[in-house]
Structures are given as C-alpha cells and as structure tokens.
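Chain by chain, the residues run as shown.
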Amino acid sequence: MNLLKRTSTITIFLIIILILKSALSILLRTLIVSHFGAGTETDAYFAAFSIPQQLSDFFIGGILFAAIIPVFQKRRVEVGNEISALEMAGFINISSFILILSSILYLIFTPYIIRIIFSGFEIQKQKLTITYARLFSPLIFLFGLSLIYSSLYHSFRNFFIPALSTLMYPLCSIISLYFLPSTLGIERLVYGNLMGSMLGITILVVFINKKVPLKWFFQYRTPLISSIFNISLPVLIENLFLKLAIFIRNRIISILPINGALTMIELNLFIIHSIGAFISGPITTAIFPLLGEQEAQKTRNDLIASFQKTFSIIFLFAVPSNVFIFLGAESLVKILFGHGKFSEFECETTARLIIITSFVILPNSIQSLVGRMFFILQYTKIPAIISSILVMVGAIICYFAAIRYGIYGFMIAATIGTSIGCLCNFILLIRKLHLSLNYHFFSPLIKSIFAGLLMAGVLFSIEAIYKFKAQSELIYLIIMAITGTLAYFIFCIILKHEDLKYLMEIPFKKINK
C-alpha cells in the first residue's frame, strides 16, 4: 500500500503532462484531416510514418525499453553508479550504431519495402509513400534512442524531462503546418515530425549527461548488456512476429476498396490508444521502477500486493472509459474531425471503427501492467512464444475477415485477437506469481463492472432525451462525460468500492502529514 502512496504524486504529474500531450496530438490530427481529409496524401503520410516507427521498436527501442529499468537498477546496487554508468554508455553506443545502420539500410531499400507492404496502393500513392518514407528514415535512430534514454530517466525516477521531450514532437508538427510553405502540402508535416524528434532527443541527452555521460566505450561483453539482451531475446522473437503482423495488417488495409482506409484506421487507433495510455500510462510508468526495486530486494509478497492494487485501480478507470467511448464515438469524431476536407462518410466510418475497437481499451490497459511484470520477473520466453503464435494466427484471420467483410470485418477480427492475447498473458502471469484469485481479488473488479453497467444505463437515458431535442454535439458530449463520470463514481461509492475509497484517502493523508 505504501508503494502506491509514494507514486501518487508522480502519477498525478504524469496525468497532467499526458493531458497536455494528448491535447496537442488531438489538435495535430484535427489539423491534418481538416487540411487534407482522408485520401491519397494522408494515406501515404501515415503509411510512410508507420514503418520507421515499427522498425525502431523492433531493432532496439520498444524491446529494450522495459528491460533496461530493472537491469540498470540491479546493476547500480551491485557495482555502484560509476561502473553501471560506464556499462550503460557502452550499451547506448552499440544501440546507436545498430539504429544508424538500420536507418541507412532502410533508406536504401525503401522502394522495395513500400512496394511489398503497400502493394495494394495505386502507383501514384506508392510513389508518394516512398518519397515520405525516405524523408522519415532518420526516425528509426531518433525514436529508438529516445526510448532508451527515457527508460534511463525512469530508472532514476525522473519523469519530468522525458515528459517534456515528448511534447516537442506534436508541438513542432503543429508549428510546421502554419509556418512552412503551404505549397509543400503534407510534406511540411514530415519536416515538423523530424524537427520535433531531434529536439526531443537533444533534451534527453543533455539533461542526463552528468549521471550517464557519453563515453567512447564499445565493450559489449558486460554484465549489464548481457542481462538486457538475455531478458529481451525472447521478446525480440515475439516482436518479430508482432511487427510482421503489423506489416501484414498494412498490406491488407492497402487492398481495401476505400480510399483513405489507412487514414481512418490510424485515427481510430490513435483515439483508442490515447484513451488506454491515459488510463494505464501514468500509473504503470510511475510504479514500474518501484516494482523493479521490490523484485531486486526479493520482497515478493510486497510485489504481489502492489501488482494487485495497481491492477484493480487500472480496472477501476478503464471500465467507465470503455463505456464512454462506446456510446460517444460518433459525437467525438464529429467534434474532432468533422470539418474541413474530412467528409461525412469518413466521419461515420471512423466512428464505427472506434465503437468496434473500444472493446480493447480494458485489455490493453491491463496488458500495459502485465507486460512490465514479465520484465520485472525476467519471465519473457513462454509469453513471447504464445504471443507470437496468437499474433500470426490473428493476422491470417484478419486477412480473410477483411476479404469477406471489408474494413469492419478486419477491425472486429483484430479486436477479438488482441483481447484473447491479453487474456492469455494475464493467465500466464497469475500462474507465475501463484496468485490466488479469491474474493478479495474479484470483489473490486465486479463492483467496477456493475457500476459501469449502471453508468451505461444512465447515459442511454440521457442520449434518448438529448438526441430527441437535437442539440449540438459538443454540448451533448460534455453532458455525457460529466454525467457519466458522476454516475459511475456515485455508484462506486454506493457499492463501497475499496479502490475508490483508497484513492480518496490519499490526499487527506498527505495533508495530515
């Protein structure tokens, strides 16, 4: 219990930063669809951006991001700050070399990669995607290195600088739309993306240089590097299948008979992932280093108690978010994207995709915690094997669903596959921890679900009344948000929800101290 109390202030800070970042990101995408709609240019832009992002995750960043924190913390305890910092400098140098080499190879082979992955694009759209993809090639290095440095900051429990650096990307992108020549079209956004990424990594490198200084050290046979790669190797295999599935997904989308399909799917995933990140991101980011310390100090009972409490709190916030997005998707899309060149058909399609995908908000929020627990426990091999199998089977099912039922069939299959994968990982973690799923575990979860169902009933009633009066979408959504939130937490209070009571006590305990 003390663990979550120590992280409550950090979590609140991260929520504030996340709100700011989300606001900038939403504004950015609103401007994109307003200026360019959903068509050839936007499909080419999102297609070109997706590959460097996925490759940086695959080669270095996304795989090692979670592994670095527990390993670096343990190494600091064993040998002290100076030696561990030197070993980390060597790891950064080697990683940078791999990322730069990956960027160069991608730049060379861009035309072949684009033609394979987006084979369904017409010739003009493929050429445009190749042009943007070449410009985006430095992002493999920039994104990968940013993730590594962010994990270093988190291991020192410094969350401000990484949070600040993440704001540079949407901020510079928005600036580029207004200050670069409009004759460049959507290409000006590419330059804004690159400038934001470079500014972000510069901030990260400068402010941590005293703790982990840059040194010309390329010794790869160090305990720190060996431990990181030993933990990450099974995840590397899983990530290989995951990225392959994403590339297959993009290939499937490119053959869908709807111009702008990729843009609409990306907007849908952006909304869903933003909601999931808002729910679980601040909590898991703040608590991850402390959970790593508990495992390093071999206090397994404390680790299990902290996991259970964190899991239950994430569940508490995920349920109402799921209900709200499911019921308010149409209004949300009209407010954010329903203007400029984004047509009514594109709004309607995007809203339906969000309704379908809303069912992964809860599983993805839980997976955010479960995935980190695997790294803390250094238990990655079996989850990686099972996830790899599920991902590839899911990709095949998505293909046939898309061929038979179009864009909606594709998203339904992807949603079901994601939910099954998250459930399998949760079961594996429960077995690994030997966790007893008793009344105390399920009681707060059942109360959250019941309160969510009651909240849905209230919102359905409001929708029936308000839609009859045909008022503005913005006012309707605000009423839904306020009323839904109040209804949910009132029902939680009536049901005597343990976690809500716990969270409400934290500020008063801080004041008393």
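The rules behind these values
Residues numbered from 1 in each chain as written. Predicted model: local features only at pLDDT ≥ 70, side-chain atom pairs only at ≥ 80, totals over all residues. Heavy atoms only, no water. Helix = DSSP H or I, 4+ residues; strand = E, 2+ residues; numbered from the N terminus. Contact = heavy atoms within 4.5 Å. Axes fitted to C-alpha atoms, helices over the stretch in contact; angles between N-to-C directions. Left-handed = near helix turned anticlockwise from the far one by under 90°. Nonpolar A, V, L, I, M, F, W, Y, C, P; charged D, E, K, R; others polar. Phe/Tyr/Trp six-rings, centres within 6.5 Å; stacked < 30°, edge-to-face > 60°. Buried < 20%, exposed > 50% of the residue type's maximum accessible area, 1.4 Å probe, protein only. Lys NZ or Arg CZ within 6 Å of the ring centre and 35° of its normal. Salt bridge = Lys/Arg side-chain N within 4 Å of Asp/Glu carboxyl O. Core = buried A, V, L, I, M, F, W, Y, C linked by side-chain atoms within 4.5 Å. pLDDT = per-residue confidence, 0-100. Patch = residues over 30% accessible without salt bridge, like charges linked within 9 Å, V, L, I, M, F, W, Y side chains within 5 Å. Areas by Shrake-Rupley, 256 points an atom, 1.4 Å probe, with all protein chains shown as cover. Expected span 1.5 Å × (residues − 1). Bend = angle between axes of the 7 residues up to and from the residue. Parallel < 35°, antiparallel > 145°, perpendicular 65-115°, else oblique. Disulfide = S-S within 2.5 Å.

1. Digging into the side chain of Thr30
Here is step 1 of the chain: Note that Thr30 resides in helix H1 (residues 2-36).
Here is step 2 of the chain: Beyond its immediate sequence surroundings of up to four residues, Thr30 is in contact with Leu336, Phe337 and His339.

2. A word on the packing of helix H11 (residues 300-337) against helix H12 (residues 344-357)
Here is step 1 of the chain: At their nearest, the axes of H11 and H12 sit 8 Å apart, and the two run at 145° to each other. Pair H11 / H12 crosses with right-handed handedness. Listed contacts from H12 to Ile325, Phe326, Ala329, Glu330, Val333 and Phe337 of H11 are Cys347, Thr350, Ala351, Ile354 and Ile355.
Here is step 2 of the chain: When grouped by side-chain class, the residues that make up the contact of H11 with H12 number 9 nonpolar, 1 polar and 1 charged.

3. Topic: the packing of aromatic side chains
Here is step 1 of the chain: Counted according to the given criterion, the structure contains 21 aromatic pairs.
Here is step 2 of the chain: Each ring, one from Phe109 and one from Tyr112, has its centre 6.4 Å from the other, and the planes form 55°; the classification is tilted. Residue Phe109 and its partner Tyr112 are both found in helix H4 (residues 81-117); the two are separated by 3 residues, about one turn of the helix.
Here is step 3 of the chain: Arranged with centres 5.0 Å apart and planes meeting at 20°, the rings of Phe118 and Phe121 form a pair that is stacked.
Here is step 4 of the chain: Under the relative-accessibility criterion, Phe118 is labelled buried at 0%.
Here is step 5 of the chain: An aromatic cluster of at least three residues, connected via ring pairs, comprises Tyr45, Phe46, Phe49, Phe136, Phe143 and Tyr169.
Here is step 6 of the chain: One Lys or Arg, Lys125, reaches over the ring of Phe121 and ends 4.7 Å from the middle of that ring.

4. Comments concerning the pattern of salt bridges
Here is step 1 of the chain: Tallying each qualifying case throughout the model produces 3 salt bridges.
Here is step 2 of the chain: The shortest N-O distance in the salt bridge between Asp43 and Lys125 comes to 3.0 Å. With Asp43 in helix H2 (residues 40-59) and Lys125 in helix H5 (residues 123-136), this pair connects stretches of sequence that are 82 residues apart.
Here is step 3 of the chain: Given a relative accessible area of 6%, Lys125 falls into the buried group.
Here is step 4 of the chain: For Glu330, the salt bridge is made with Lys334, and the minimal N-O distance between the two is 3.2 Å.

5. Looking at the nonpolar core
Here is step 1 of the chain: Ranked by size, the top nonpolar core spans 142 residues in total, and within it Tyr45, Met88, Tyr149, Leu152, Phe307, Phe311 and Met373 carry the most contacts.
Here is step 2 of the chain: Met373 has contacts with Leu291, Leu303, Phe307, Leu429 and Leu433, leaving out every residue within four places of it along the chain.

6. A short note on the confidence of the model for the protein chain
Here is step 1 of the chain: Here the protein chain averages 82 in pLDDT, and 89% of its residues register 70 or above.
Here is step 2 of the chain: Note on residues 507-513: pLDDT is under 50 here. Beyond four places in sequence and across chains, it has 4 contacts.

7. Examining a nonpolar patch on the surface
Here is step 1 of the chain: On the surface, Phe97, Ile100, Leu101, Ile104, Leu105, Ile108, Phe109, Tyr112, Trp216 and Phe218 cluster together to form a nonpolar patch covering roughly 1,100 Å² of accessible area.
Here is step 2 of the chain: Position of Phe97 relative to the elements: it lies in helix H4.

8. Describing H11
Here is step 1 of the chain: Taking 1.5 Å of rise per residue, the 38 residues of H11 would be expected to cover 56 Å, yet its terminal C-alpha atoms sit only 48 Å apart, more than 12% below that figure.
Here is step 2 of the chain: Where H11 bends most, the angle comes to about 70°, and this point is Gly328.
Here is step 3 of the chain: In terms of burial, H11 is a largely internal element, 28 of the 38 residues being buried.

9. Details of H4
Here is step 1 of the chain: Taking 1.5 Å per residue as the helical rise, H4 with its 37 residues ought to reach 54 Å, whereas the 45 Å between its terminal C-alpha atoms falls clearly short.
Here is step 2 of the chain: Helix geometry: H4 is bent most strongly at Phe109, by close to 70°, with proline Pro111 lying one to four residues after it.

10. What to know about the packing of H11 against helix H13 (residues 361-376)
Here is step 1 of the chain: The interhelical angle for the contact between H11 and H13, taken along N-to-C directions, is 160°, at an axis separation of 7 Å. The angle between H11 and H13 falls in the class roughly antiparallel. As for how H11 packs across H13, the hand of that crossing is right-handed. On the side of H11, the interface is formed by Leu303, Phe307, Thr310, Phe311, Ile314, Phe315, Ala318, Ser321, Asn322 and Ile325, while H13 contributes Ile361, Leu362, Ser365, Ile366, Leu369, Met373 and Ile376.
Here is step 2 of the chain: Class assignment for the residues of the contact of H11 with H13 results in 13 nonpolar, 4 polar and no charged.

11. Side note on unusual backbone geometry
Here is step 1 of the chain: Even without being glycine, His434 reaches a positive phi, approximately 55°.
Here is step 2 of the chain: Relative to the helices and strands, His434 is located in the loop between helix H14 (381-433) and helix H15 (439-469).
Here is step 3 of the chain: We note that Lys496 has phi near 55°; this positive angle belongs to a residue other than glycine.
Here is step 4 of the chain: As for its placement among the helices and strands, Lys496 is situated in the loop between helix H16 (473-494) and helix H17 (498-512).
Here is step 5 of the chain: We classify Lys496 as exposed; its relative accessible area is 68%.

12. A short note on the environment of Ile68
Here is step 1 of the chain: Turning to its location among the elements, Ile68 is positioned in helix H3 (residues 61-79).
Here is step 2 of the chain: A relative accessible area of 0% places Ile68 in the buried class.
Here is step 3 of the chain: Beyond its immediate chain neighbours, meaning those up to four positions away, Ile68 contacts Gln73, Met88, Phe91, Ile148, Ser151, Leu152 and Ile228.

13. A word on the environment of Leu18
Here is step 1 of the chain: Relative to the helices and strands, Leu18 is located in helix H1.
Here is step 2 of the chain: Ignoring any residue separated from it by four or fewer positions in sequence, one finds Leu18 in contact with Ala277, Phe278 and Pro282.

14. Observations regarding the state of the cysteines
Here is step 1 of the chain: Applying the stated criterion across every chain yields a total of 0 disulfides.
Here is step 2 of the chain: Here Cys424 is not cross-linked by a disulfide; its sulfur's nearest cysteine counterpart is in Cys422, at 9.3 Å.
Here is step 3 of the chain: Of the residues examined, Cys424 reaches a relative accessible area of 26% and is grouped as partly exposed.

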